[in-house]
Every structure is written in structure tokens, then in C-alpha cells.
Amino acid sequence: MQLHFLGTGAGMPSKERNTSALMVKLLDEIGEMWLFDCGEATQHQILHSSLKPRKVTKIFITHLHGDHIFGLPGFLSSRSFQGGDEPLTIFGPAGLQQWVEQTFALSKTHLTYPLQFVEVQEGVIYEDAHFTVRAGELRHVVPCFGYRIEQKELPGELLMEKVQALGVPKGPLLGQLKRGHNIELENGIIIKATDVVAPPKKGFTLTILGDTKYCEEAITLAQQADIVIHEATFDGETTELAANYGHSTNVEAAMVAKRAGAKFLLLNHLSARFLPHDLPTFLAQAQEVFSQTLLTYDQTVFTWSNDKLD
């Protein structure tokens with residue numbers, strides 16, 4: 001799984017940071033990409049990457065503020081022009097479907113693929129054989145959701161040394177064992193899958209939080225997550241101001257990750273008030289509370305593999 005940050009700024013775009021957009025690349029897992037929020041000029045940010053809009057099958061919107069949705073009509077239109085014909089599902093708060101459909105109607109925009117909307121409520125909003133996605137309402141100045149993506153258990157690896165020692169030939173019998181089925185060799189020996197397949201591996205948990213002030217709901221969504229992505233619009237000196245605007249500080253985000261027992265915290269949605277020379281101090285403040293904290297920047301990519309974040 002890869003996290004490609006297309007926009008990590010808050011409110012308005014700046015020279016250093018575009019508005020909110022995060023691509024979760026699940027190409028190795030399911031051959032798909034999921035986009036979380038779609039701020040203004042997201043499609044321009046994609047042009048500076050190797051990302052393919054036609055691979056995006058789902059879009060999750062946290063809330064209806066412009067810096068999280070103003071890039072959506074352009075992205076959806078470009079996906080048509082760039083050969084996207086697979087269905088796409090958009091998950092988001094009430095009112096999102098009306099806004100998109102009215103924009104398309106007034107601009108006479110036609111898409112070449114089916115578009116489906118799911119109005120988000122608290123609880124499980126999507127589930128398939130590989131993933132479960134849960135939504136929880138946060139505390140912002142408009143209805144805003146966080147999303148918890150849980151990968152289901154992965155099949156255990158086939159223990160090749162044991163298989164070879166037992167004389168299993170290469171071919172379809174290996175596949176049967178991998179799928180958990182016992183097999184019988186030509187000499188009549190029965191080999192049990194449980195003897196030659198490692199136990200299932202725990203999948204990853206990723207929590208992506210929309211705009212919110214410090215709250216218990218964020219901690220609940222982040223419980224024992226491998227990665228928590230949390231807004232940090234303000235810093236430790238402006239806690240009261242952050243709460244007044246329905247936002248969090250870097251320190252509060254770190255407190256969420258610590259209380260939730262998360263492994264890593266990625267800070268995004270930074271205010272333009274923080275210039276490049278401010279960021280070492282900004283990061284240090286959060287790391288004093290939760291040491292495994294990292295800052296995000298536009299076009300940075302994080303890879304999660306074998307329980308490690310690179």
C-alpha cells in the first residue's frame with residue numbers, strides 16, 4: 001500500500017502546498033486506487049506524478065468545504081477524457097451528490113462512465129473480500145467524517161521447504177495447499193494444508209481523519225491503527241484558536257495517535273502561516289508527545305510494507 005499526498009495545505013493553495021487530496025494506492029492488493037478528498041487543482045497535481053485517474057475506483061470525501069471538493073468536477077471530467085470507462089463510486093456527506101450533479105448539469109458535462117454516490121453515515125460504509133471501510137463523524141464546523149480502512153487477514157505463505165521435503169511436485173497441488181485444501185500424493189500420502197501453510201497475517205489499518213478539533217471520536221477511529229493521518233492546521237501555541245475554527249494543533253494530533261495506540265502519525269492540512277523554516281519546530285512539538293510523527297508534503301509518497309513505513 002502506498003500513500004501519495006497530492007495536497008497537504010489548509011484553506012487556500014499556497015506556493016508550497018496545494019489543497020487536500022490523498023491517493024491511496026492499492027494496486028498490489030486489489031489493482032485499484034482510492035482518492036480521499038479532492039481539493040482545487042488535484043488533477044494538476046496528478047500531472048506531476050505517475051498516477052492514472054482511470055485506476056481510481058472510489059473517492060471518499062470528508063466534508064463539503066471547498067478546499068476538499070473544488071477539484072472534484074475537473075477530476076471526474078478529466079477521467080473521461082483520459083480513457084476512464086470503469087464505474088466510479090463517490091462516498092461523502094449529504095449534499096455532495098446534489099452539488100456534483102448540478103455542476104455537471106449547468107456546465108453540460110457528460111461522463112463516459114457510470115457514477116454512483118453513497119451518502120455516508122456512521123458505521124461500515126463499504127466492505128468486500130479484502131477491505132472494510134468505517135466512517136465516523138468528527139467535530140468540525142460542518143458535518144465531517146473520518147474513515148478507517150481495515151485490510152482483512154491475508155493468507156499465510158506456503159512453507160516451501162516443508163513442501164519440498166514432503167515430495168510435493170510443482171504444479172496445481174501447490175495451489176490447492178495454498179488455498180487451504182488437503183492433498184493426496186500419487187503414493188497415497190495425505191498432506192494437510194495446516195502443516196505446510198503459515199498462519200494468516202494481520203492486514204493493515206489506516207485511519208484518515210477529516211478536519212476536526214481534538215475529540216474522542218478521532219481517537220476511536222484511530223484505535224491501534226498502523227497509520228493515522230491527522231490534520232494539523234495550527235501549532236501548540238494556538239490551541240484555543242484551533243478549537244474555535246473546528247481544527248486541531250500538531251500537539252493535539254499527536255495526543256490522538258498516542259491515546260489510540262497507533263504506530264505512526266502523518267501530519268497534513270497545514271496552514272500557510274507555517275513557512276518552511278517553521279517546520280522543524282512544528283514537527284518537534286508533535287514528536288515530544290508521539291515520537292513516530294512525520295510531516296507530509298505535496299508529492300511525497302509513503303510505502304507500507306511488512307509492517308514498516310518508508
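Just above, that's the structure.
Residues numbered from 1 in each chain as written. Predicted model: local features only at pLDDT ≥ 70, side-chain atom pairs only at ≥ 80, totals over all residues. Heavy atoms only, no water.

Turning next to the overall build of the protein chain. Across its full length, the protein chain holds 12 helices and 17 strands. When its C-alpha atoms are laid out on the principal axes, the protein chain stretches across 75 × 50 × 35 Å. The buried share among the 310 residues of the protein chain stands at 51%. A total of about 15,000 Å² of accessible surface is found on the protein chain, and carbon and sulfur atoms cover 52% of it. Here the protein chain contributes 26 positive and 36 negative side-chain charges, whose respective centroids are spaced 5 Å apart. (Helix = DSSP H or I, 4+ residues; strand = E, 2+ residues; numbered from the N terminus. Buried < 20%, exposed > 50% of the residue type's maximum accessible area, 1.4 Å probe, protein only. Areas by Shrake-Rupley, 256 points an atom, 1.4 Å probe, with all protein chains shown as cover. Lys, Arg positive; Asp, Glu negative; His and termini not counted. Charge placed at Lys NZ, Arg CZ, Asp CG, Glu CD.)

Before going further, it helps to examine the sheet that holds strand 16 (residues 301-305). Here we have 8 strands laid out as an open sheet, ordered 6-5-4-3-2-1-16-17, and mixed in their pairing. At either margin of the open sheet sits one strand with a lone partner, and together these are strand 6 (115-119) and strand 17 (308-309). Bridging between strand 2 (residues 21-26) and strand 3 (residues 32-38) involves 6 bridges; their strand directions are antiparallel. Paired with Leu22 across the two strands is Phe36, which belongs to strand 3. The strands that helix 4 (residues 72-81) touches are strand 3, strand 4 (56-60), strand 5 (88-92) and strand 6; relative to strand 4, the one it contacts most, it runs at about 170°. Packed on one face of the sheet, helix 5 (residues 96-107) meets strand 5 and strand 6 and runs near 150° to strand 6. (Pairing = 2+ DSSP bridges. Contact = heavy atoms within 4.5 Å. Axes fitted to C-alpha atoms, helices over the stretch in contact; angles between N-to-C directions.)

Their axes nearest at 10 Å, the elements helix 4 and helix 5 cross at an angle of 60°. As far as their axial angle goes, helix 5 and helix 4 are oblique. You can see that helix 4 and helix 5 cross each other, and the crossing is right-handed. Note on element contacts: helix 5 touches helix 4 through Leu96, Trp99, Val100, Thr103 and Phe104, opposite Leu72, Pro73, Leu76 and Ser77. Looking at the contact of helix 4 with helix 5 residue by residue, the classes come out as 7 nonpolar, 2 polar and no charged. (Parallel < 35°, antiparallel > 145°, perpendicular 65-115°, else oblique. Left-handed = near helix turned anticlockwise from the far one by under 90°. Nonpolar A, V, L, I, M, F, W, Y, C, P; charged D, E, K, R; others polar.)

Pairing in this open sheet of 7 strands is mixed, and the strands run 7-8-9-12-13-14-15 from one edge to the other. The outermost strands of the open sheet, each flanked by one partner alone, are strand 7 (123-127) and strand 15 (293-295). In this sheet, neighbouring strand axes are inclined to one another by 20° on average, regardless of whether the strands run parallel or antiparallel. As judged from the 4 bridges shared by strand 7 and strand 8 (residues 131-137), these two strands associate in the antiparallel manner. Counted as the bridge partner of Tyr126 is Val133 from strand 8. The strands touched by helix 11 (residues 250-260) within the sheet are strand 13 (227-231) and strand 14 (264-268), with strand 14 carrying the most contacts at an inclination of about 155°. Contacting strand 14 and strand 15, helix 12 (residues 279-289) runs over the sheet at an angle of about 160° to strand 15.

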